[in-house]
Amino acid sequence: MAFFGLGGGGLTVEINVSTDPTREGIIELDHAPGWKVRKNPFMSLQYPNKLEDMSEGPRRREVQPSTLHVISHSSVSPYESSTGGDLNLGKELIYAYEANEDIVGTVTLSLPPGKRSDHLGIKIQFIGRIDMTHAVHEGRPHYDFISLSKELSPPGVLYNPRTEIPFYFRGVEKFHETYRGRNVIVRYFIRVEVERKYFPPITQEHDLVVQILGDEPPVNEPIKMEVGIEDCLHIEFEYERRYYHLRDMILGKINFLLVRIRIKHMELAVIRRETSGEGLAPTAPGGANAAGANTVSPNALTETQTLIKYEIMDGAPVKGETIPVRLYLQGIPADLTPTYNSVNNRFSVRYFLNLVLVDEEDRRYFKQQEIFLWRKDVGL
């Protein structure tokens with residue numbers, strides 16, 4: 001717990017977001033979602049309590065049966081540390097909220113015994129923000145697509161060592177998911193400000209993870225394509241579907257119709273591509289530029305990240321041979337997100353299957369095919 005400046009009488013602010021644990025729209029997460037790829041995809045399976053063992057003690061779960069508490073002890077966002085990297089909160093509980101859930105909780109104001117604090121009013125804000133300050137972009141560094149404000153208390157004096165003020169934001173339409181990328185951050189947060197005379201306001205922020213459930217597409221056609229090099233190589237690859245939820249399994253096969261070059265091995269990779277910039281145009285699924293980049297301004301930034309790579313064939317194939325493909329999205333050591341198509345005309349996140357063939361002279365032949373991801377359950 002930190003003390004905020006002079007003139008506040010040692011006043012500290014704490015934000016508690018309470019929820020009903022029986023509701024399916026609120027799920028506890030084991031870490032704050034981020035952009036980085038984890039080095040060991042099996043660590044969470046082998047050592048589920050590793051973070052608790054490394055900390056001073058196990059995470060406290062002394063909560064009432066009807067209430068879960070998410071407590072913010074500092075104004076640092078749970079998505080970034082002081083060094084700019086991901087912050088794994090070993091002692092805080094992190095919850096994912098479905099977009100239709102109401103935000104309810106209390107603000108706790110604490111004073112040392114015998115102290116008082118004069119203030120010019122206490123207000124609370126619920127803000128949804130697209131933050132692009134981590135990269136150089138034209139235009140505004142951040143954009144608030146939600147900004148709601150309420151007065152918690154009129155000007156007055158605080159005497160009690162502990163004052164609790166309830167708050168709620170009901171029926172707020174949350175347009176976008178929480179997302180932390182390489183150059184873009186979409187965040188929802190609650191901000192409490194205690195205005196003071198002659199001094200800056202005491203400010204405290206608490207981030208929320210918001211996730212939006214998708215619907216399974218009514219039409220989910222397979223992906224089928226023939227590619228090759230004239231008179232040298234001709235292959236046909238087929239994937240069972242184009243749309244997958246985040247814990248789905250990708251099934252497919254690769255048929256070699258003509259092989260006149262000596263193939264050494266074949267790889268299949270999952271690639272994530274983040275494109276950010278002002279005036280980003282949406283891309284139609286399966287359109288002419290489905291495998292390329294969005295139509296963007298020259299100053300747009302594109303970050304490409306290989307999430308996982310498998311060797312699915314070792315050795316030279318022959319004509320007529322078929323290589324099966326089975327890839328579990330759940331096994332990818334990264335925080336997958338749904339496909340984002342031109343969010344607020346500012347950024348997109350797209351996923352591709354990258355098939356690579358390597359010959360004996362280490363020449364690489366590759367073909368990318370876009371897949372579309374959607375969220376089936378909260379917390380996944």
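For the structure, check the block above.
Being a predicted model, the structure only gives us computed values, none of them experimental.

Rules of the game
Residues numbered from 1 in each chain as written. Predicted model: local features only at pLDDT ≥ 70, side-chain atom pairs only at ≥ 80, totals over all residues. Heavy atoms only, no water. Helix = DSSP H or I, 4+ residues; strand = E, 2+ residues; numbered from the N terminus. Buried < 20%, exposed > 50% of the residue type's maximum accessible area, 1.4 Å probe, protein only. Contact = heavy atoms within 4.5 Å. Areas by Shrake-Rupley, 256 points an atom, 1.4 Å probe, with all protein chains shown as cover. Phe/Tyr/Trp six-rings, centres within 6.5 Å; stacked < 30°, edge-to-face > 60°. Polar contact = N/O pair within 3.5 Å; in protein donor to acceptor, adjacent residues only side chain to side chain.

*Asks:* Looking at this structure, how should I read the overall build of the chain?
*Replies:* When helices and strands are tallied, the chain shows two helices and 23 strands. A burial count over the chain gives 48% of its 380 residues as buried. Contacts in the chain between residues at least 24 apart in sequence constitute 75% of all its contacts with a sequence separation of at least 6. Here the chain displays about 19600 Å² of accessible surface, and carbon together with sulfur accounts for 50% of that area.

*Asks:* Sorry if this is basic, but what is going on with the packing of aromatic side chains here?
*Replies:* Within a pair of aromatic rings, the relevant descriptors are the distance that separates the centres and the angle that separates the planes. Taken as a whole, this structure holds ten aromatic pairs when the rule is applied. When the centroid spacing of 6.3 Å and the interplanar angle of 55° are considered together, the rings of Phe167 and Phe169 count as tilted. Both residues of the pair, Phe167 and Phe169, belong to the buried class. Between Tyr179 and Phe347, the ring centres sit 5.5 Å apart and the planes meet at 10°, which makes this aromatic pair stacked. Here Phe347 lies in strand S22 (residues 347-359) and Tyr179 lies in strand S11 (residues 179-180), a separation of 168 residues in the sequence. Judged by its relative accessible area of 3%, Tyr179 falls in the buried class. Residue classification places Phe347 among the buried residues on the basis of a relative accessible area of 1%.

*Asks:* Sorry if this is basic, but what is going on with the environment of Arg272 here?
*Replies:* Position of Arg272 relative to the elements: it lies in strand S18 (residues 263-276). Given a relative accessible area of 1%, Arg272 falls into the buried group. With 79 residues separating them along the chain, Arg272 and Tyr351 place their C-alpha atoms 4.7 Å apart. Apart from residues no more than four positions distant in its own chain, Arg272 is found in contact with Trp35, Glu303, Thr304, Gln305, Leu307, Ala334, Asp335, Leu336, Thr337, Val349, Arg350 and Tyr351. A polar contact of 3.2 Å, which involves the side chain of Arg272, links it to the backbone oxygen of Trp35. Here Asp335 takes part through its backbone oxygen, which lies 3.0 Å from a polar atom of the side chain of Arg272.

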